[in-house]
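Coordinate inspection notes
Read off the chains here:
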Amino acid sequence: MELQTERLLLREYTVDDFAAVHAFAADVRIAEYVDWGPNSAADTKQFLEMCVAAQGDAVRTNFTLAVTFANGDPFGSVGLSVDHGRGDLGYVIDRDHWGQGYATEAAASLLRFGKECLKLREITATCRPENTASARVLEKIGMVHVGTRTADKLIRGRWRDSLVFSAANSIAWHHAK
Ligand SMILES: CC(C)(COP(=O)(O)OP(=O)(O)OC[C@H]1O[C@@H](n2cnc3c(N)ncnc32)[C@H](O)[C@@H]1OP(=O)(O)O)[C@@H](O)C(=O)NCCC(=O)NCCS
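Bear in mind that the values here come from a model prediction, so they are computed numbers and not experimental data. (Residues numbered from 1 in each chain as written. Predicted model: local features only at pLDDT ≥ 70, side-chain atom pairs only at ≥ 80, totals over all residues. Heavy atoms only, no water.)

**With respect to the overall build of the chain**
Basically, it comes down to this: Secondary structure elements follow DSSP: runs of H or I of four or more residues count as helices, runs of E of two or more count as strands, with numbering from the N terminus. Our radius of gyration looks at C-alpha atoms and nothing else; its globule reference is 2.2 Å times the residue count to the power 0.38. Remark: exposure states derive from per-residue accessible area (1.4 Å probe, protein chains only) relative to the maximum for the residue type, with buried under 20%, exposed over 50%, and partly exposed in between. Contacts are assigned to residue pairs that have any heavy atoms within 4.5 Å of one another. Note on areas: these come from Shrake-Rupley sampling with a 1.4 Å probe, and a residue is covered only by the protein chains present in the view.
Broken down by element type, the chain carries six helices and eight strands. Order of helices (α) and strands (β) in the chain, N terminus to C terminus: β-β-α-α-α-β-β-β-α-β-α-β-β-α. A compact globule built from 177 residues should have a C-alpha radius of gyration of about 16 Å, and the chain, at 16 Å, falls within 12% of that. Principal-axis analysis of the C-alpha atoms gives the chain an extent of 45 × 35 × 30 Å. Scored against the burial criterion, the 177 residues of the chain give a buried share of 45%. A separation threshold of at least 6 residues defines the contact pool for the chain, and within that pool the share at least 24 residues apart is 61%. As displayed, the chain has an accessible area near 9400 Å², and 52% of this comes from carbon and sulfur atoms.

**Brief notes about the sheet that holds strand β5 (residues 86–93)**
Note the cut-off: Paired strands are those between which DSSP finds at least two bridges. Axis angles are defined between N-to-C directions and span 0 to 180 degrees, where every axis is a line fitted to C-alpha atoms and, for a helix, only to the segment in contact.
Taken in spatial order, the eight strands make up an open sheet running β1-β2-β3-β4-β5-β6-β8-β7, and their pairing is mixed. If you trace the sheet from one side to the other, it starts and ends with β1 (2–4) and β7 (144–155), each paired once. The mean inter-strand angle of the sheet, taken between neighbouring strand axes irrespective of direction, is 25°. Against the sheet, helix α3 (residues 41–55) engages β2 (9–12), β3 (62–68) and β4 (76–83), with an angle of about 115° to β3. Sitting on the sheet, helix α4 (residues 102–117) touches β1, β2, β3, β4, β5, β6 (122–127) and β8 (158–168), and the angle it makes with β5 is about 160°.

**Concerning the packing of helix α1 (residues 18–25) against α3**
Cut-off, in case you're wondering: What sets the label is the angle itself: under 35 degrees gives roughly parallel, over 145 gives roughly antiparallel, 65 to 115 gives roughly perpendicular, and the rest give oblique. In this scheme the crossing of two helices becomes right-handed for a clockwise turn of the near helix relative to the far one and left-handed for an anticlockwise turn of less than a right angle.
Here α1 crosses α3 at 120°, and the two axes come no closer than 10 Å. In terms of orientation, α1 and α3 fall into the oblique class. With respect to the hand of their crossing, α1 and α3 are arranged in right-handed fashion. In this structure, α1 uses F18, V21, H22 and A25 to contact α3, whose residues at the interface are A41, T44, K45, F47 and L48.

**Section: the pattern of salt bridges**
Defined as follows: By convention in these notes, a salt bridge is any Lys or Arg side-chain nitrogen within 4 Å of a carboxyl oxygen on Asp or Glu.
Following the criterion strictly, the structure yields ten salt bridges and no others. Two residues, E122 and R86, come together in a salt bridge whose shortest N-O distance is 2.2 Å. Placement of the pair is E122 in strand β6 and R86 in strand β5, with a sequence separation of 36 residues.

**As for the site of the ligand**
The criterion, for reference: Here, proximity means that at least one heavy atom of the residue falls within 4 Å of the molecule or strand. Definition of a polar contact: a pair of N or O atoms within 3.5 Å, with one able to donate and the other able to accept a hydrogen when the atoms are protein atoms, and with sequence-neighbouring residues admitted only if both atoms are side-chain atoms.
Close to the ligand lie 22 residues; G99, T104, N131, R136 and K140 are nearest. A distance of 3.4 Å is found between an oxygen atom of the ligand and a backbone nitrogen or oxygen belonging to Q100. At 3.0 Å, a backbone N or O of A103 approaches an oxygen atom of the ligand. Burial of the ligand by the surrounding chains reaches 71%, relative to a free accessible area of 960 Å².

**A look at α4**
Note the threshold: To estimate how far a helix should reach, multiply one less than its number of residues by 1.5 Å.
For α4, which comprises 16 residues, the first-to-last C-alpha distance of 22 Å matches the rise-based estimate of 22 Å (1.5 Å per residue) to within 8%. Taken together, the buried positions of α4 are occupied by Y102, A103, T104, E105, A106, A107, S109, L110, L111, F113 and G114. Directly beyond the C-terminal end of α4, a positive phi value near 55° is found at K119.

The quantities given are spatial measurements derived from coordinates; they are silent on function.
As structure tokens, then:
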């Protein structure tokens with residue numbers, strides 16, 4: 001699958017994306033707020049193999065897409081994982097491209113896909129309370145802060161709180177009626 005936004009092409013990963021993905025996935029500044037990384041080469045290889053395998057699933061539950069300019073290398077990732085009609089959204093953008101609205105543009109597009117194409121009942125996303133940029137991205141795409149989970153993510157040996165954001169899906173609700 002592919003999603004085209006105003007400035008971005010969100011496309012399927014291939015194993016040939018290794019170098020570009022590893023450049024940001026091994027960056028400690030990216031890993032600071034997420035429960036993975038900084039990646040070893042083996043971690044990045046495993047990540048790409050998982051993405052490619054998911055593309056072939058009969059009932060696909062993992063939609064992790066490369067954030068690119070058309071025909072360019074990935075400079076970020078956006079993902080939606082689906083479980084029983086609910087989705088969980090996440091994203092990273094490499095350090096050189098922060099602050100230009102790319103996470104917002106990519107996340108908004110995958111959120112819309114989850115609502116309109118997959119008809120998910122609800123899509124949630126979590127971020128660390130001190131990750132102001134990520135919380136702002138979630139607000140900008142219309143998600144609502146619905147609560148805080150205390151000590152729910154183990155990140156490099158430390159239990160961290162999560163802000164929980166939600167987008168309930170009126171389209172799915174109408175669809176189910
Ligand atoms: C979070 C992340 C994806 C944001 O990517 P981005 O492309 O820079 O995001 P955008 O440009 O779309 O939007 C960022 C918003 O946060 C704001 N922001 C950034 N840093 C901020 C800070 N320290 N304090 C307050 N606001 C901040 C920006 O001003 C912008 O809001 P605005 O459009 O209202 O001005 C990126 O910083 C990243 O990859 N971080 C590491 C991984 C990560 O945290 N992933 C999310 C895990 S929950």
